[in-house]
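Overview (structure and organization)
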Amino acid sequence: MHGSHNHAPGQAHSHRRDTNERRMGLAALITGLFMFVEVAGGILSGSLALLADAGHMLTDLGSLTLAWFGFRLARRPADWKRTYGFDRFQVLVAFANGLALFAIAAWIVLEAVERLNQPQPVAGGIMMVVGAAGLVVNLVAFGLLHGADRENLNVKSAAIHVLGDLLGSVAALAAGAVIFLTGWTPIDPLLSILVAVIVLRSGWKVVEASGHILLEGAPHELDTRNIEPDLVANVPGVTGVHHVHVWSITQERQMVTLHACVEDGLEGDRMVKAIKQRLHARFGLDHATVEIEHGICADAASEKQNA
């Protein structure tokens, strides 16, 4: 078997990872500090929107810290036990964060329904002040993550957590204004439910994307059925391609393995090079392991022998 085994990330990838790590750490720090302000504001005002947002911020602190740790862990090199290194820990963190968003949304909805059935007094003025401060803090945190690698699932899941907080602050500010001006307290739980639905929808996208990677699914942007006809049509000497497997370690690290049948007399190393060049040019696949075959597939021969 001929193949390339360059598992080390490039310099650009390393720079992105450092930037992601630094921005994630700063976002976690300011989120954790303001969480205590929202808890105090929620207790003083009696606002579910503020308490829900504070609860969300608590999980955000854990999620952002875990995401930061994921980037730190990804620095560790591959070893004989983990030949692909620790990069996929980021995807695992994103999946866990997505599931946490489901739990947060469910808790907010349950609390909101209870508040609608049993209305409680809410201090609109305090809600407005804390909501406005929370909006500023969350805008800063979201800006930090927005400036990171937005295609990275770890960053994306963390950004959705912060976006949920940002929407929670907007809801608290709006609800506080309505209560302050009209005294209509049901607006507090109603806006909380709206935020929960938005968070739930975003969380599902993260769980779906990270779960697909964890299940070794092919990248969504790549149709593996096109690889065989493309190689046969564009690489002279290739007569057939089979056993094609494409998967991702992370969104940035895509892998492919395949068997290629080639005409007799062709040099294996030259064919491997040509196939890899085509995989890179046409499909953007940089890490390929190619097995060259003449005639019957080695796996088919083995199966026939064992039958």
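The coordinates are above.
All values reported here derive from a predicted model rather than from experimental measurement.

Thresholds applied
Residues numbered from 1 in each chain as written. Predicted model: local features only at pLDDT ≥ 70, side-chain atom pairs only at ≥ 80, totals over all residues. Heavy atoms only, no water. Phe/Tyr/Trp six-rings, centres within 6.5 Å; stacked < 30°, edge-to-face > 60°. Helix = DSSP H or I, 4+ residues; strand = E, 2+ residues; numbered from the N terminus. Buried < 20%, exposed > 50% of the residue type's maximum accessible area, 1.4 Å probe, protein only. Arc of directions from axis to C-beta. Contact = heavy atoms within 4.5 Å. Pairing = 2+ DSSP bridges.

Digging into the packing of aromatic side chains
Following the criterion strictly, the structure yields 1 aromatic pair and no others. A ring pair is formed by Phe69 and Phe89, whose centres lie 5.9 Å apart and whose planes are at 85°; its orientation type is edge-to-face. Separated by 20 residues along the polypeptide, Phe69 in helix α2 (residues 48-73) and Phe89 in helix α3 (residues 89-117) bring together distant segments of the chain. Residue class for Phe69 comes out partly exposed when judged on its relative accessible area of 39%.

Digging into helix α7 (residues 227-234)
Turning to α7, its buried residues number three or more, namely Ile227, Asp230 and Leu231. Viewed along the axis of α7, the buried residues span an arc of 95°, placing them on a single side of the element. Looking at the buried positions of α7, the neighbouring elements they touch are β2 (238-248), β3 (254-262) and α8 (268-283).

Concerning the environment of Ala54
With respect to the helices and strands, Ala54 occurs in helix α2. Sequence separation between Ala54 and Gly41 is 13 residues; the distance between their C-alpha atoms is 9.3 Å.

Regarding the pairing of β2
When β2 meets β3, the two strands line up antiparallel, connected through 8 bridges. Across the sheet, residue Trp247 finds its bridge partner in β3, namely Met255.

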